[in-house]
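Inside the fold
Take a look at the letters that make up each chain.
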Amino acid sequence: MGYIQEELAKRNIPDFLVFNDGTPVTDKADWEKRRKEIIDLLANEMYGHIPPAFPFTIEEKVFSDKHLGRKLDYSQNILKFDTPYGHGEFTFHTFFPHGKTNVPTFIFMAFKPNEPWNYCPVESIIDRGYGVIMAYHAEISSDDGDFTNGIASALPREVYNCGKISLWSWAATRLMDYAQTLDFVDKTKIAMIGHSRLGKTTLWTVANDTRFSFACANCSGCSGDALARDTVGETVEKIYNRFPYWFVPAYEKYKNNESSMPFDQHFLLASIAPRKVCTAAAVLDAWADPQAQFLSCNAASPAYELLGLKGIVCDDRPTVPGDTYHEGNIGHHLRHHGHTLSLYDWNKYMDFIDKN
Ligand code: GTR
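Residues numbered from 1 in each chain as written. Predicted model: local features only at pLDDT ≥ 70, side-chain atom pairs only at ≥ 80, totals over all residues. Heavy atoms only, no water.

**Considering the overall build of the chain**
A tally of helices and strands in the chain yields 11 helices and 10 strands. Taking 2.2 N^0.38 as the reference for a compact globule, 356 residues should give roughly 21 Å; the C-alpha atoms of the chain span a radius of gyration of 19 Å, in line with that estimate. In the chain, 67% of the contacts between residues at least 6 apart in sequence involve partners at least 24 apart. In the structure as shown, the chain presents an accessible area of about 13,400 Å², 52% of it carried by carbon and sulfur atoms. (Helix = DSSP H or I, 4+ residues; strand = E, 2+ residues; numbered from the N terminus. Rg over C-alpha atoms; globule rule 2.2 N^0.38 Å. Contact = heavy atoms within 4.5 Å. Areas by Shrake-Rupley, 256 points an atom, 1.4 Å probe, with all protein chains shown as cover.)

**Topic: the layout of surface pockets**
What the largest pocket holds in volume is close to 250 Å³. Elements supplying a minimum of two residues to the lining of the largest pocket: helix H1 (3-11) and helix H10 (290-306). Among the elements that line the lining of the largest pocket, the one with the most residues is H10, at five residues. Within the lining of the largest pocket, the residues separate by chemical class into 10 nonpolar, five polar and two charged. Estimates place the volume of the second largest pocket at around 210 Å³. In terms of lining, the second largest pocket is formed by 19 residues, of which the most central are Ser 196, Arg 197, Glu 234, Trp 287 and His 339. Every element with two or more residues in the lining of the second largest pocket is listed here: helix H7 (197-208) and helix H8 (236-242). Residue classes in the lining of the second largest pocket are distributed as nine nonpolar, five polar and five charged. (1 Å grid on protein atoms, 1.4 Å probe; cavity = no way out; pocket = protein on both sides within 12 Å on 5 of 7 lines; lining within 4 Å. Points joined across faces, edges and corners; volume = space filled by probe spheres on them. Nonpolar A, V, L, I, M, F, W, Y, C, P; charged D, E, K, R; others polar.)

**Some remarks on the side chain of Asp 345**
Along the chain, Asp 345 turns up in helix H11 (residues 343-355). Ignoring anything within four residues of it in the chain, the contact list for Asp 345 reads Asn 218, Ala 280, His 333, Arg 335 and Thr 340.

**What to know about the packing of helix H6 (residues 164-180) against H7**
Taken N-terminus to C-terminus, the directions of H6 and H7 make an angle of 60°; their axes are 9 Å apart at the nearest point. One way to sum up the angle between H6 and H7 is to call them oblique. Pair H6 / H7 crosses with right-handed handedness. Where H6 abuts H7, its residues Ile 165, Ser 166, Trp 168, Ser 169, Ala 172 and Thr 173 lie against Leu 198, Lys 200, Thr 201, Trp 204 and Thr 205. (Axes fitted to C-alpha atoms, helices over the stretch in contact; angles between N-to-C directions. Parallel < 35°, antiparallel > 145°, perpendicular 65-115°, else oblique. Left-handed = near helix turned anticlockwise from the far one by under 90°.)

**Considerations on the site of the ligand**
Around the ligand, a shell composed of Phe 111, Ser 196, Arg 197, Lys 200, Glu 234, Ile 239, Arg 242, Phe 243, Trp 246, Trp 287 and His 339 is seen. Between the ligand and the protein, one listed contact pairs an oxygen atom with a side-chain N or O atom of Glu 234 at 2.4 Å. Within the side chain of Arg 242, an N or O atom sits 3.3 Å from an oxygen atom of the ligand. About the coverage of the ligand: the protein hides 88% of its 320 Å² of free accessible area. (Near = heavy atom within 4 Å. Polar contact = N/O pair within 3.5 Å; in protein donor to acceptor, adjacent residues only side chain to side chain.)

**As for empty space enclosed by the protein**
Summary: where empty space remains is shown by rolling a probe the size of a single water molecule over the atoms. Under the defined criterion, the tally for this structure stands at one cavity of 30 Å³ or more. When its volume is computed, the largest cavity comes out at roughly 40 Å³. Lining the largest cavity, in full, are Gly 221, Cys 222, Ser 223, Ala 226, Leu 227, Ala 228, Thr 231, Gly 233, Glu 234, Trp 287, Ala 288 and Asp 289. Here the lining of the largest cavity is built from residues that sort into six nonpolar, four polar and two charged.

**Section: the state of the cysteines**
Here, the word disulfide means a covalent bond between the sulfur atoms of two cysteines. Scanning the model with the defined rule gives zero disulfides in all. Not engaged in a disulfide, the cysteine Cys 297 finds its nearest cysteine sulfur in Cys 314; these two sulfurs lie 8.4 Å apart. (Disulfide = S-S within 2.5 Å.)

**Some remarks on the sheet that holds strand E1 (residues 56-67)**
Pairing is mixed across the open sheet formed by 10 strands, whose spatial order is E1-E2-E3-E5-E4-E6-E7-E8-E10-E9. Each of the sheet's edge strands pairs with one partner strand only, and the pair in question is E1 and strand E9 (324-325). Where strand E7 (residues 214-218) and strand E8 (residues 276-282) come together, five bridges link them in parallel fashion. Looking at the pairing, Cys 216 lines up with Cys 278 of E8. Here H6 sits on the sheet in contact with E1, strand E2 (72-83), strand E3 (86-97), strand E4 (103-110), strand E5 (131-136) and strand E6 (185-195), set at roughly 155° to E6. Its contacts with the sheet put H7 on E4, E6, E7 and E8, and the angle it makes with E6 is roughly 145°. (Pairing = 2+ DSSP bridges.)

Quick look at the structure:
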């Protein structure tokens, strides 16, 4: 047995190619059913359910074709909706290369309101022919335990049993609805991208919304792409004690008890199959546990193999900074430095999407 299989065997992670009733998952038709079981499991035990869609309107506040020497069209908009429980709205921004058609597009859940000028290098993205639809997560609903602000008041936790990650996913799904209405967007190349807690949100959104062709999850770590069993980084206890509101209360029982989880994070990556997922780790980001992130990509690969596709295609050794694995349907890179979403990462994700 080589390095990867030995490490996976040590961790004793559950097999996702088995139905809840114990029968094996053997073909493509089985996979679609099993995928739904996995998503239900992760919803019930970790993230909660993403609330249903409601009709919405878009109010355009700003449109400008004057940015970056007119190579970029920028807009600022408000998405508004009503539910039986109240009114909700949030701001989003769009950045598209001027006058282009068939534009591959990122739906970007941003860490900060002014992200285009740091975590989102707009000019470089536009120069590669991509567009971006961006919303700031904490405006959608605050990044804390208050479930009365932003869209949370219209989508009550008591009714929908969702944590904040699922609320942010709901918003990203509405942005996907909006992207479907833009005739210059290439609907076969819509990716979601997010960093860290929003990398977790990215994986969960794309798992649920099959209109996304790609998930680009940057340094998503614990409760994202990193295997929880035997982690040397953040644990379920650490994350749940600090951020219980990202999840549902059912997740708490796995604190210091990861081995009892009927899943591990490779279930989440696998539930995106046959669509493509690209993850990234940073060598100084020990909290996210880079090797547990890499191993999880390998543990998810059997979902693709079942469908006659390649999962991750990689060397059988621990990753080192500079490694990029883009041959299969699960992409992964490990870079130098620490916990951030850099131009290097964006370029890797665009390389991966360009190839596919
Ligand atoms: C940390 C958290 C991580 C990660 C990170 C982030 O404090 O423990 O799981 O989500 O925040 O979002 O930057």
